[in-house]
Amino acid sequence: MVTMKDIIRDPDPFLRRKVAEIDTIDEETVDQLIAMRDYLVRSQNPDIAKKQGLRPGVGLAAPQVGLDKRMLAIYMEGDEGEVLHDHMLINPKIKSHSVTETYLPGGEGCLSVDEDVPGLVHRFQRVKVSALDPEGKPVEVKAKGMLAVVLQHELDHLDGIMFYDHIDPDAPMEPKPGAKPVE
């Protein structure tokens, strides 16, 4: 079971590594990916999160829990507790993306970054990601809005990129021309 003590914190150099592709999807890898997803599910339940001392999260990449593997989990619920997005992706890659960009008006946060880092993180408004599921079957995720932002945030972790690397130090709260806030 993944808990907050398992989350590697910035500035640990492991977070700056580009992690390895997964050649063989073995039982250990699947169990690790399921544990990452399970953290996200538990962290979004206020009672469980409080009891277990979990910070809420919607995405988690393997390097954040010390794994040198290209895999990530995303789990997002709606206001009524309905599951909006539930993905466990192995060796994900962006296959295409929009020209238009988007951003979260309040900026991004990260389970590996303990302090708030003010600034807008510009991301592609839409992305198409190809990957393998835990059974090794090819999957494609077409994402826009919040899901697209979360996917790109987690994909960056696989390449050692932190969200704040995208913030313009000269104009941190200034939207790029043509960029629209996530709806």
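The structure displayed is predicted, hence computed values, not measured ones.

Undergrad: Help me get a handle on the overall build of the chain, residues and values and all.
TA: Helix and strand counts for the chain stand at three helices and eight strands. For the chain, whose C-alpha radius of gyration is 16 Å, the value lies close to the compact-globule estimate of 16 Å for 183 residues. Referenced to the eigenvectors of the C-alpha coordinate spread, the extents of the chain come out at roughly 45 × 40 × 35 Å. Across the 183 residues that make up the chain, the buried fraction comes to 47%. Within the structure as shown, the chain displays about 9,600 Å² of accessible surface, and the carbon and sulfur contribution to it stands at 52%. Across the chain, the mean location of the 22 positive side-chain charges is 3 Å away from that of the 33 negative side-chain charges.

Undergrad: Outline helix α3 (residues 145-158), supporting the account with residue identities and numerical values.
TA: Compared with the 20 Å implied by 1.5 Å per residue over 14 residues, the 21 Å span of α3 between its first and last C-alpha is a close match. Judged by how many residues are buried, α3 sits mostly within the fold: 13 of 14 residues are covered. Taken from the residues just after α3, Gly160 is the one with a positive phi, measuring 75 degrees.

Undergrad: Now, about the sheet that holds strand β7 (residues 138-144): what can you tell me, with residues and values included?
TA: Taken together, the five strands give an open sheet; going across it, the order is β1-β2-β3-β6-β7, and neighbouring strands pair in antiparallel fashion. Looking at which strands have only one partner, the edges of the open sheet turn out to be β1 (59-61) and β7. Each strand of the sheet is rotated relative to its neighbour by a mean of 40 degrees, with strand direction disregarded. Two elements, strand β2 (residues 71-77) and strand β3 (residues 83-97), share seven bridges in a ladder whose sense is antiparallel. Across the sheet, residue Tyr75 finds its bridge partner in β3, namely Asp86. Against the sheet, helix α1 (residues 27-43) engages β1, β2 and β3, with an angle of about 30 degrees to β2. Of the strands in this sheet, β1, β2, β3, β6 (126-132) and β7 touch α3, which is tilted by about 155 degrees from β2.

Undergrad: Describe the UniProt feature "binding site: Fe cation" (unreviewed entry) in the chain, naming the residues involved and giving the relevant values.
TA: In this numbering, the UniProt entry assigns the feature "binding site: Fe cation" (unreviewed entry) to Cys110, His153 and His157. In terms of the greatest pairwise C-alpha distance, the residues named above, spread along 48 residues, form a tight cluster of at most 10.3 Å across. Along the polypeptide, Cys110 turns up in the loop between β4 (101-103) and β5 (123-124). Contacts of Cys110, omitting those with residues within four sequence positions, involve Arg55, Gln64, His153, His157 and Phe163.

Undergrad: Help me get a handle on the UniProt feature "active site" (unreviewed entry) in the chain, residues and values and all.
TA: In the numbering used here, UniProt assigns the feature "active site" (unreviewed entry) to Glu154. The topology assignment puts Glu154 in helix α3. Dropping the residues within four chain positions of it, Glu154 is found in contact with Gly59, Leu60, Ala61, Gln64, Leu72 and Ile74.

Undergrad: Break down the pairing of β7 for me, citing the residues and quoting the values.
TA: Two strands pair when backbone bridges link them, and β6 and β7 are joined in this way by seven bridges, in the antiparallel orientation. In the sheet register, Leu132 faces β7, and the bridge partner there is Pro138.

Undergrad: Which residues make up a negative patch on the surface, and what values go with them?
TA: A grouping of Asp26, Glu27, Glu28 and Asp31 is seen on the molecular surface, where their side chains present a negatively charged patch. Position of Asp26 relative to the elements: it lies in the segment before α1. Look at Asp26 and you get partly exposed, because its relative accessible area is 34%.

Thresholds, definitions, all that
- Residues numbered from 1 in each chain as written.
- Predicted model: local features only at pLDDT ≥ 70, side-chain atom pairs only at ≥ 80, totals over all residues.
- Heavy atoms only, no water.
- Helix = DSSP H or I, 4+ residues; strand = E, 2+ residues; numbered from the N terminus.
- Rg over C-alpha atoms; globule rule 2.2 N^0.38 Å.
- Buried < 20%, exposed > 50% of the residue type's maximum accessible area, 1.4 Å probe, protein only.
- Areas by Shrake-Rupley, 256 points an atom, 1.4 Å probe, with all protein chains shown as cover.
- Lys, Arg positive; Asp, Glu negative; His and termini not counted.
- Charge placed at Lys NZ, Arg CZ, Asp CG, Glu CD.
- Expected span 1.5 Å × (residues − 1).
- Pairing = 2+ DSSP bridges.
- Axes fitted to C-alpha atoms, helices over the stretch in contact; angles between N-to-C directions.
- Contact = heavy atoms within 4.5 Å.
- UniProt positions renumbered as here; feature names shortened; annotations may be inferred.
- Patch = residues over 30% accessible without salt bridge, like charges linked within 9 Å, V, L, I, M, F, W, Y side chains within 5 Å.
- Salt bridge = Lys/Arg side-chain N within 4 Å of Asp/Glu carboxyl O.

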